[in-house]
Amino acid sequence: MNRVPLEKKVLSENDRLAASLRERFQQHGVFCVNLISSPGSGKTTLLERTLEALPRGSRVAVLTGDIQTENDAARLKRFGFPVKQITTGGTCHLDARMIERHLADWNLDDLDILFIENVGNLVCPSSYDLGEAAKIVVLSVTEGEDKPLKYPSIFFKSELMVLSKIDLLPHVPFDAHLAEENARRVHPEMEIVRVSCMTRIGLAAWLTWLEQRRTAYLAQKPEVVI
Amino acid sequence: MHEMSIANSILEAVQKEARRYPGSRATKVAVRIGELAALDGESLRFCFEVLAGEMELKDLELEIEWCPRRHRCARCDRTFVVRDYEFRCPTCQELAPECVSGDELELAYVEVEHDEPSAVGKESS
């Protein structure tokens with residue numbers, strides 16, 4: 001019997017592709033974010049309000065993942081920015097190869113921001129690096145405050161938590177402070193914005209976060225590219 | 001839910017490794033999984049057994065080493081296991097947000113043995 005040490009990541013192939021995507025994004029100055037949440041927490045609506053708020057001519061594109069249907073891409077295309085649907089056909093997450101394939105006929109030099117809307121799922125997408133600069137988790141007030149404790153992986157790996165549907169707070173037994181406290185128990189440095197896509201409260205804070213984070217990303221670019 | 005694709009990646013790595021040792025077969029693979037990796041052990045074992053059978057690796061044993069979440073204290077440099085989201089350093093009580101391990105999803109080793117016609121494979125645990 002012979003024991004052969006392997007000492008490598010299980011998802012090394014995905015990680016390799018993600019690293020190559022990350023390098024391409026850095027070379028072309030594309031700020032890429034990966035939006036993750038359970039189904040129905042409002043990722044697509046947040047993106048609709050975001051695209052709607054951006055000046056025409058902004059260099060922004062969206063890749064949106066779902067197991068079936070082109071519905072989300074149809075919703076997002078109305079704003080005139082490049083949008084592609086990734087239909088996974090059963091797979092519960094996006095992986096780096098899907099991103100690479102769907103980017104093939106876009107010129108990254110034409111983009112400043114790439115939004116990736118992951119498949120609605122709080123578990124599996126957290127394992128797959130897509131080459132993004134930041135993961136963002138969306139939690140809606142119609143879910144439980146304890147979601148960060150139940151699904152710590154994605155809350156741990158996300159830089160920002162968008163607490164969505166806050167216009168519903170008067171109607172649901174959801175303690176927003178407790179949810180935020182739980183998110184910071186899992187991830188003490190978590191940044192948080194509260195947003196309602198119906199009343200548009202908090203959208204400015206979300207857009208400011210994006211812009212500031214993008215500026216920071218571009219500023220650190222030369223160091224990372226070495 | 002993604003245990004099937006994780007199991008598949010583990011088995012592909014084993015097949016790749018086994019090809020480097022002609023005349024041998026893999027009997028065991030060990031993986032390290034962190035508690036933050038969002039993986040269910042039971043489900044991973046189930047997927048692993050199903051796929052291993054299909055890939056003619058049906059006697060391959062899977063060993064899982066679970067890795068707890070560890071943080072490092074910036075003040076005293078102690079590394080400690082985090083339980084119940086308690087991030088205070090047990091030594092100096094400083095809040096230590098720096099996570100140093102716990103999201104592992106790594107292959108540790110593969111055991112291979114020379115194939116003999118009479119060899120009986122081990123049962124998967």
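To keep things clear, this report deals only with the structure shown in the data block. (Residues numbered from 1 in each chain as written. Chains lettered and ligands numbered in written order. Predicted model: local features only at pLDDT ≥ 70, side-chain atom pairs only at ≥ 80, totals over all residues.)

1. Focus on the overall build of chain B
So, step 1. Counting its secondary structure elements, chain B contains 2 helices and 6 strands.
So, step 2. On C-alpha atoms alone, chain B measures out to a radius of gyration of 19 Å, which is more than a quarter above the 14 Å that the 2.2 N^0.38 rule sets for 125 residues.
So, step 3. Counting only C-alpha atoms and orienting by the principal axes, one finds that chain B spans roughly 60 × 30 × 20 Å.
So, step 4. Taking all 125 residues of chain B together, the buried fraction comes to 29%.
So, step 5. Of the contacts made within chain B by residues no fewer than 6 positions apart, 72% connect residues no fewer than 24 positions apart. (Helix = DSSP H or I, 4+ residues; strand = E, 2+ residues; numbered from the N terminus. Rg over C-alpha atoms; globule rule 2.2 N^0.38 Å. Buried ≥ 20, exposed ≤ 12 C-beta atoms within 10 Å, placed from the backbone. Contact = placed C-beta atoms within 7 Å.)

2. A word on the sheet that holds strand 5 (residues 113-117) of chain A
All names here are of chain A.
So, step 1. Judged by pairing direction, the sheet is parallel, and its 7 strands sit side by side in the order 4-3-5-2-6-7-8 without closing on themselves. The open sheet has two edge strands, strand 4 (83-87) and strand 8 (191-194), and neither has a second partner. For this sheet the average axis-to-axis angle between neighbouring strands, irrespective of direction, equals 20°.
So, step 2. Here strand 2 (residues 31-37) pairs with strand 5 via 5 bridges, running parallel. From the neighbouring strand, Cys 32 faces strand 5, where its bridge partner is Leu 114.
So, step 3. Together, strand 3 (60-66), strand 4 and strand 5 form the strand contacts of helix 4 (residues 96-103), whose direction differs from that of strand 4 by roughly 140°. (Pairing = 2+ DSSP bridges. Axes fitted to C-alpha atoms, helices over the stretch in contact; angles between N-to-C directions.)

3. Remarks on the interface of chain B and chain A
Quite often, the size of an interface is put as the accessible area lost when its parts meet.
So, step 1. Each partner contributes residues to the interface: chain B has 23 residues there, and chain A has 24 residues.
So, step 2. Contributing elements (two or more residues each) for the side of chain B that touches chain A: helix 1 (3-18) and strand 6 (105-114) of chain B.
So, step 3. If one sorts the elements of the side of chain B that touches chain A by residue count, strand 6 of chain B sits on top with 9 residues.
So, step 4. Its residues assigned to classes, the side of chain B that touches chain A comprises 17 nonpolar, 2 polar and 4 charged.
So, step 5. Bridge count between strand 1 (residues 2-9) of chain A and strand 6 of chain B: 6 bridges; the pairing is antiparallel. Bridging across to strand 6 of chain B, A:Asn2 finds its partner in B:Val112. (Nonpolar A, V, L, I, M, F, W, Y, C, P; charged D, E, K, R; others polar.)

4. Details of the sheet that holds strand 1 of chain A
Strand pairing in a sheet relies on backbone hydrogen bonds, with the paired strands running either antiparallel or parallel.
So, step 1. If you trace the 4 strands from one edge of the open sheet to the other, you get 1(A)-6(B)-1(B)-2(B), paired in mixed fashion. The open sheet terminates on both sides in strands that have one partner only, identified here as strand 1 of chain A together with strand 2 (61-67) of chain B. Here the average twist between neighbouring strands, direction ignored, is 20°.
So, step 2. Contacts from helix 1 of chain B reach strand 1 of chain A together with strand 1 (24-34) and strand 6 of chain B within the one sheet, and its direction differs from that of strand 1 of chain B by about 140°.

5. Some details on the nonpolar core
So, step 1. If you look at the biggest cluster of nonpolar residues, it comprises 90 residues, and the most contacted ones within it are A:Val33, A:Ile99, A:Ile116, A:Val162, B:Ile10, B:Val14 and B:Val29.
So, step 2. Per element, the largest residue contribution to this core is 6 residues, and it comes from helix 1 of chain B.
So, step 3. Leaving out residues up to four positions away in the same chain, B:Ile10 has contacts with A:Val10, B:Val29, B:Val31, B:Phe48 and B:Leu107. (Core = buried A, V, L, I, M, F, W, Y, C linked by C-beta atoms within 7 Å.)

6. Structural notes on the packing of helix 1 (residues 12-27) of chain A against helix 4 of chain A
Residue and element names in this part refer to chain A.
So, step 1. One way to put it is that helix 1 packs onto helix 4 with a least axis distance of 8 Å and a crossing angle of 40°. One element, helix 1, and the other, helix 4, form an angle in the oblique class. For the pair formed by helix 1 and helix 4, the contact residues are Asn 14, Leu 17, Ala 18 and Leu 21 on the first element and Ala 96, Arg 97, Ile 99 and Glu 100 on the second. (Parallel < 35°, antiparallel > 145°, perpendicular 65-115°, else oblique.)

7. A look at the packing of helix 1 of chain B against helix 2 (residues 41-54) of chain B
Residues and elements named next belong to chain B.
So, step 1. Interaxial distance between helix 1 and helix 2 falls to 8 Å at its minimum, and their mutual angle equals 55°. Taken as axis vectors, helix 1 and helix 2 run oblique relative to one another. For the pair helix 1 and helix 2, the crossing hand works out as right-handed. Contacts from Glu 3, Met 4, Ile 6, Ala 7, Asn 8, Ile 10 and Leu 11 of helix 1 reach helix 2 at Ser 43, Leu 44, Cys 47, Phe 48, Leu 51 and Ala 52.
So, step 2. When the residues that make up the contact of helix 1 with helix 2 are grouped by side-chain class, the tally is 10 nonpolar, 2 polar and 1 charged. (Left-handed = near helix turned anticlockwise from the far one by under 90°.)

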